[in-house]
Amino acid sequence: RRQEAKLVLAEDSGVIRKALTRCLSKVGYTGVEAFNNGKAAYEAIIARRQEAEKSGESIDTRLSAVISDIEMPEMDGLTLCQKIKTELGLARTPVIMFSSLINEQMAKKCETVGADAYTTKPQTDELIGFLDKFLMQKES
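What comes next is a walk through the structure. On a predicted model such as this, the values are computed, not experimentally measured, just so you know. (Residues numbered from 1 in each chain as written. Predicted model: local features only at pLDDT ≥ 70, side-chain atom pairs only at ≥ 80, totals over all residues. Heavy atoms only, no water.)

Section: the nonpolar core
General note: in soluble globular proteins, nonpolar side chains tend to be found buried as a group. Core analysis: the biggest nonpolar cluster contains 26 residues, and Ile-45, Val-66, Leu-80, Met-97 and Cys-110 have the highest contact counts within it. Looking at this core, the elements that each hand over two or more residues are β1 (7-10), α2 (38-55), α3 (77-87), β4 (95-99) and α4 (104-112). What Ile-45 contacts, discounting residues up to four positions off in sequence, is Val-8, Leu-63, Val-66, Ile-84, Leu-88 and Leu-90. Counting residues in hydrophobic clusters, the runner-up holds 18 residues, among them Tyr-29, Val-32, Ile-67 and Ala-117. (Core = buried A, V, L, I, M, F, W, Y, C linked by side-chain atoms within 4.5 Å. Buried < 20%, exposed > 50% of the residue type's maximum accessible area, 1.4 Å probe, protein only. Helix = DSSP H or I, 4+ residues; strand = E, 2+ residues; numbered from the N terminus. Contact = heavy atoms within 4.5 Å.)

Considerations on the pairing of β4
On a regular strand, one side chain projects to one face of the sheet and the next to the other, so that they alternate. For β4, the tally of buried residues reaches five of five residues, placing the bulk of the element in the interior. Side chains Val-95, Met-97 and Ser-99 project from β4 onto one buried face, and the interleaved Ile-96 and Phe-98 project onto a second face that is buried too. The pairing of strand β3 (residues 65-68) with β4 spans three bridges and is classified as parallel. Along β4, the bridge assignment pairs Ser-68 with Met-97. In this fold, β3 hands off to α3, which returns the chain to β4; that crossover is right-handed. In this fold, the crossover linking β4 to strand β5 (residues 117-120) by way of α4 has right-handed handedness. (Pairing = 2+ DSSP bridges. Right-handed = clockwise from strand over helix to strand, strands pointing away.)

So this is what it looks like as structure tokens:
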């Protein structure tokens, strides 16, 4: 089932972006589209929503979850999450914050903007656990 997931990854570090995409692919999450900033990811999510609407499909057929760094150029991850949840009305789409900046204060900010989960880099096992939890839960 992991191979059916359609993920959007927003990460400004090219090294981390490639490593994370490779890591996710190794465990079966092969449908990852990666972007180097929050704005590009946001625009791609809007396009996916529009494509789904034109086809009469649910956004879930084109977007399973979003993984985002927090500190990025053009649009940070907290703003991206808030826009996904409120402006686009995608409250059911899981957004996982994946950042080296996670501390108690940042965790509260993640919760405030509607993030479904957050974990620190490089905790990829925890990230994959969250993906599995949210995506397997949605199917049942």
